[in-house]
Amino acid sequence: MGSLVVNGLIVTMDEERRIIEDGAVYLKDGKIEDVGRTSKLVDEYARDSEEQIDAKGRIVMPGFISSHTHLYGMALRGASLDIEPPTDFTQNLQRIWWSLDELLTKNDAYATALSAALTYAKHGVTCFADTWSGPNSINGVLDHIEKAVREVGIRGVLAFESTERHSEKEGNEGINENERFIKKAKGQNRSLVEGMVSVHASFTVTDDHIRRAFQVAEELDAPFTIHTAEGLGDVYHNLERYGERTVERFKRLGILGPRTVLAHCVNVSTREVDLIANTKAGVAHNPMSNSLNAVGVAPVPDMLEKGVNVGLGDDGYIFEPFENMRSAFLIHRVHRRDPGAITLQDVLEMATMNGAKLYGLDTEIGSIESGKRADLVLIEPKVKPSPINANSVLGHLTYTCNAGDIDAVIVDGEVILRDRELVGIDEEKETAKVHKTISRLWDRLRSAEPQIDRVRGH
Ligand SMILES: [Zn+2]
């Protein structure tokens, strides 16, 4: 027996980008069996459905995909840090993120992942790509994150962010943790959680490390991701030590290709965008985090014009798909002083299909099409300023909606959020647990040391 979602406004994100008014989706065995008009699907499938979910007045979308995040970013939400305020991105890493990394435990990994996964589930994000960082919590840490993600029931692509900030040994342990986890995840039948290889950024690792990490991704046929030209420090590091800009160095190392997801690409030249396009590498764009860190604006309109696949991430900052879409929509218009710089369709693609493509999941998720896994969100805008129909829905998704409008979430055919409530999870109890762990981390963070001499490659 399957289940029917009926009477909805279906934004399919399929090849033709069809939007179906008074539409229905038939789900069976965790998959989408059929999509079409409600009258037709009720005729065909009502007898074989144990449940009908009424989506009247609701937008039905494929689940949102966060193409780049750090679940442990939850640990810094609202933290008051007694530090000299950073004035650029490198200081930001030295004084905040790397100081935090030193303190993180596997228990923190579980608690922050649980906090983020609960948030994602309530906000309609059904899949994300995460990298964990922490030199004192490497071996086995991904199992703790996996446990939290499984408890909530969303999809995740998990990795440890390998770096040689302290030593080559630390770098190897990071690669090994990814290798271990990818193999484990591949061995699990129909798992919602997968592994990938993640390297921190070009300025904390040697050429040799990048090559070795990429080789593991190739051997295991897994995605590979690396922070790329986020701040100018990254670019200067590579110019000074290698005489190459960041993406040029990656080209020489042979790591650009369809399995590679370059996070950020803020400070990239036109030639570097061409290299990305020609090699079919993908980009995870994080406009809200880039704004917070004041690193600049990624040339996303150029990338889209050249056919680069760009997904939308949050970088562990604001775990909310609508705010990230709004930000992506606005930042390029003002940056280019061009209202045609980016379209509503572009940002919606970045938040769904493009993210699926980045991680090789586009035959499984990213759109509402028969044969794909059943990852859907039902959105009921609390405020309806004007009619919501096939012609206006893209505008409403970027201008009107917010996370509080997510009414139901279905992942792999399972309803995990119903009437805005998480199913089978005592949210209050779980949140109290998380807060206790994060409070203890904040206590430790108060006496943390800045991490200054932490670049490699000379
Ligand atoms: Zn990041």
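## As for the packing of aromatic side chains
- Counted under the stated rule, the structure contains nine aromatic pairs.
- Considering the side-chain rings of Tyr120 and Phe128, the 5.5 Å spacing of their centres and the 25° angle between planes classify their relative orientation as stacked. Phe128 carries the same exposure label as Tyr120, and that label is buried.
- Their ring planes at 55° and their centres at 5.3 Å tell us that Tyr120 and Phe319 sit as a pair that is tilted. Of this pair, Tyr120 sits in helix H3 (residues 106-123) while Phe319 sits in the loop between strand E14 (310-312) and helix H12 (321-336), placing them 199 residues apart in sequence.
- Within the aromatic cluster, the residues linked to one another by ring pairs are Tyr72, Trp97 and Trp132.
- The ring of Tyr242 has Arg249 lying over it, and the distance from NZ or CZ to the ring centre is 3.9 Å.

## Points about the pairing of strand E2 (residues 19-28)
- Of the pairings in the sheet, the one linking strand E1 (residues 2-11) to E2 comprises six bridges and is antiparallel in character. By the bridge assignment, Val5 is partnered in E2 with Val25.
- Of the pairings in the sheet, the one linking E2 to strand E3 (residues 31-37) comprises six bridges and is antiparallel in character. Following the sheet pairing, Tyr26 is matched in E3 by Asp34.
- Taking the residues between adjacent antiparallel strands as the criterion, E2 and E3 are bridged by two residues, where Asp29 takes a positive phi near 50°.

## Side note on the coordination of the zinc ion
- Every protein donor of the zinc ion is listed here as His68 (NE2), His70 (NE2), His227 (NE2) and Asp315 (OD), and their distances to the metal cover 2.1 Å.
- In this structure, the zinc ion is coordinated by four donor atoms arranged in irregular fashion, with angles at the metal of 89 to 162°.
- Here the donor residues of the zinc ion share one chain and are spaced in sequence as H-x1-H-x156-H-x87-D. Taken together, the residues span a long stretch of sequence, with His227 in strand E11 (residues 224-228) and Asp315 in the loop between E14 and H12 at a distance of 88 residues.
- By relative accessible area, His227 is classed as buried at 7%.
- By relative accessible area, Asp315 is classed as buried at 8%.

## Describing the side chain of Asp14
- Here Asp14 is to be found in the loop between E1 and E2.
- On the accessibility criterion, Asp14 (3% relative accessible area) is buried.
- Side-chain polar atoms of Asp14 contact the side chain of Thr12, separated by 3.1 Å.
- When residues no more than four places from it in sequence are discounted, the contact partners of Asp14 are Ser367, Ile368 and Glu369.

## Focus: the domain arrangement of the chain
- Domain boundaries assigned for the chain yield domain 1 (2-62 + 368-422) and domain 2 (64-358).
- When each unit is reduced to the centre of its C-alpha atoms, the spacing between domain 1 and domain 2 is 29 Å.
- Each partner contributes to the interface: domain 1 provides 29 residues, whereas domain 2 provides 25 residues.
- In this assembly, domain 1 packs against domain 2 so that about 2400 Å² is buried in total across both faces, 65% of it on carbon and sulfur atoms.
- Linking domain 1 with domain 2 are three salt bridges, by the criterion used here.

## Overview of the nonpolar core
- Of all hydrophobic cores here, the largest spans 112 residues; its most connected members are Phe64, Ile154, Phe224, Ile379 and Leu397.
- Looking at this core element by element, the count peaks at nine residues for H3.
- Mapped onto the domain boundaries, this core takes at least three residues apiece from domain 1 (2-62 + 368-422) and domain 2 (64-358).
- Ignoring anything within four residues of it in the chain, the contact list for Ile154 reads Ala117, Tyr120, Ala121, Val125, Thr126, Phe128, Val149, Leu192, Val411 and Ile416.
- Counting 17 residues, the second-largest nonpolar core is a separate cluster that includes Val25, Ala55, Ala408 and Val415.

## Concerning the packing of helix H5 (residues 168-186) against helix H6 (residues 207-219)
- In contact at an axis separation of 10 Å, H5 and H6 are set at 10° when each is read in the N-to-C sense. Between H5 and H6, the crossing angle belongs to the class labelled roughly parallel. Listed contacts from H6 to Glu168, Gly171, Asn172, Ile175 and Glu179 of H5 are His209, Arg212, Ala213 and Val216.
- Class assignment for the residues of the contact of H5 with H6 results in three nonpolar, three polar and three charged.

Calculation rules
Residues numbered from 1 in each chain as written. Predicted model: local features only at pLDDT ≥ 70, side-chain atom pairs only at ≥ 80, totals over all residues. Heavy atoms only, no water. Phe/Tyr/Trp six-rings, centres within 6.5 Å; stacked < 30°, edge-to-face > 60°. Buried < 20%, exposed > 50% of the residue type's maximum accessible area, 1.4 Å probe, protein only. Helix = DSSP H or I, 4+ residues; strand = E, 2+ residues; numbered from the N terminus. Lys NZ or Arg CZ within 6 Å of the ring centre and 35° of its normal. Pairing = 2+ DSSP bridges. Donors = N, O, S within 2.8 Å, 3.2 Å for Na, K, Ca; no water. Tetrahedral: all angles 85-135°; square planar, octahedral: opposite > 155°, others 65-115°. Polar contact = N/O pair within 3.5 Å; in protein donor to acceptor, adjacent residues only side chain to side chain. Contact = heavy atoms within 4.5 Å. Domains from an automatic or database assignment. Buried area = accessible area lost by both parts, 1.4 Å probe. Salt bridge = Lys/Arg side-chain N within 4 Å of Asp/Glu carboxyl O. Core = buried A, V, L, I, M, F, W, Y, C linked by side-chain atoms within 4.5 Å. Axes fitted to C-alpha atoms, helices over the stretch in contact; angles between N-to-C directions. Parallel < 35°, antiparallel > 145°, perpendicular 65-115°, else oblique. Nonpolar A, V, L, I, M, F, W, Y, C, P; charged D, E, K, R; others polar.

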